[in-house]
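Structural features, examined
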Amino acid sequence: MIKTLYTCMGTGFNPYENLALEEMLLTHVPKESCILYLWQNQKTVVIGKNQNAWKECRVKELEEDGGFLARRLSGGGAGFHDLGNLNFTFLMNSPDYDLSRQLDVILQAVASLGISAQKSGRNDVTTTDGRKFSGNAFYHHGGKSYHHGTLMLQVDKDLVARYLNVSAAKLSSKGVSSVKSRVVNLVELQPELTVEAMKEALVSAFEQVYGLPSLPFPVEELNGDKTAALAARNASFDWR
């Protein structure tokens, strides 16, 4: 049973460092607690644990444009992140993992901002008319679990189409002709929405769904050398 909630706010936009911090938080999540980690990457394609980078991403174009290719621990598909996107991660010990409850935080947060949404399949959160604004992925290891995902507020959809290789079969199965038409930015539904407002809504919904106040996670207590080593691994060619 979760008895303590923590929040952790990312402070930089480097995907290798952000993913390293995510892994450290997972390793150090206290018993009977849940951490909500909110973070952003700048011009990054993040691929799933077992994906082929060159199949999923136009790596040459991405790197020529000064972007980053990153690989995460979780499975699932490739996604594009820029500063119009907000990432969230729920981290806990595996006995406390509850995907439905975690997704309720997302649904309640966007509902509080006047946006109606729904869970779609295993990995997506969409508007009620089926346009995707959140992709989700999951990781379980050593008695620890996390669920993380994206929230598209004002992502450059031209860059999504430029860098991601999305198969025609996948688009056809979703009933759309292009990746740009499959997704929606939340500012298209609420033009005044900001990343900060989204963060506030998520923290509020997190506390409401779990019925507990949240505390800042003491990131300063994590081993900085280990975090840096994970970031270096994440940036390495062999890992990516």
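Placed above this text is the structure.
This report concerns the structure included in the present document. (Residues numbered from 1 in each chain as written. Predicted model: local features only at pLDDT ≥ 70, side-chain atom pairs only at ≥ 80, totals over all residues. Heavy atoms only, no water.)

1. As for the packing of helix α1 (residues 15-28) against helix α9 (residues 224-235)
- Running from N to C, α1 and α9 cross one another at 130°; their axes reach a closest spacing of 8 Å. Our classification of the angle between α1 and α9 gives oblique. When the axes of α1 and α9 are compared, the crossing they make is right-handed. On α9, the residues that touch Tyr-16, Glu-17, Leu-19, Ala-20, Leu-21, Glu-23 and Met-24 of α1 are Lys-226, Thr-227, Leu-230, Ala-231, Arg-233, Asn-234 and Ala-235. (Axes fitted to C-alpha atoms, helices over the stretch in contact; angles between N-to-C directions. Helix = DSSP H or I, 4+ residues; strand = E, 2+ residues; numbered from the N terminus. Parallel < 35°, antiparallel > 145°, perpendicular 65-115°, else oblique. Left-handed = near helix turned anticlockwise from the far one by under 90°. Contact = heavy atoms within 4.5 Å.)

2. What about unusual backbone geometry?
- Not every positive phi belongs to a glycine, and Glu-32 is a case in point at roughly 55°.
- Mapped onto the secondary structure, Glu-32 falls in the loop between α1 and β2 (33-39).

3. What to know about the side chain of Lys-199
- The residue Lys-199 is located in helix α8 (residues 195-210) in this model.
- Apart from residues no more than four positions distant in its own chain, Lys-199 is found in contact with Met-9, Leu-38 and Leu-86.

4. Considering the sheet that holds strand β5 (residues 79-81)
- Spatially, three strands are ordered β4-β3-β5 in an open sheet, and the strand pairing comes out mixed. The open sheet has two free edges, formed respectively by β4 (68-71) and β5, since each of these has just one partner strand. Across the sheet, the axes of successive neighbouring strands diverge by a mean angle of 25°, strand direction being ignored.
- Note: strand β3 (residues 44-47) against β4, four bridges, orientation parallel. The residue of β4 that forms the bridge with Thr-44 is Phe-68. (Pairing = 2+ DSSP bridges.)

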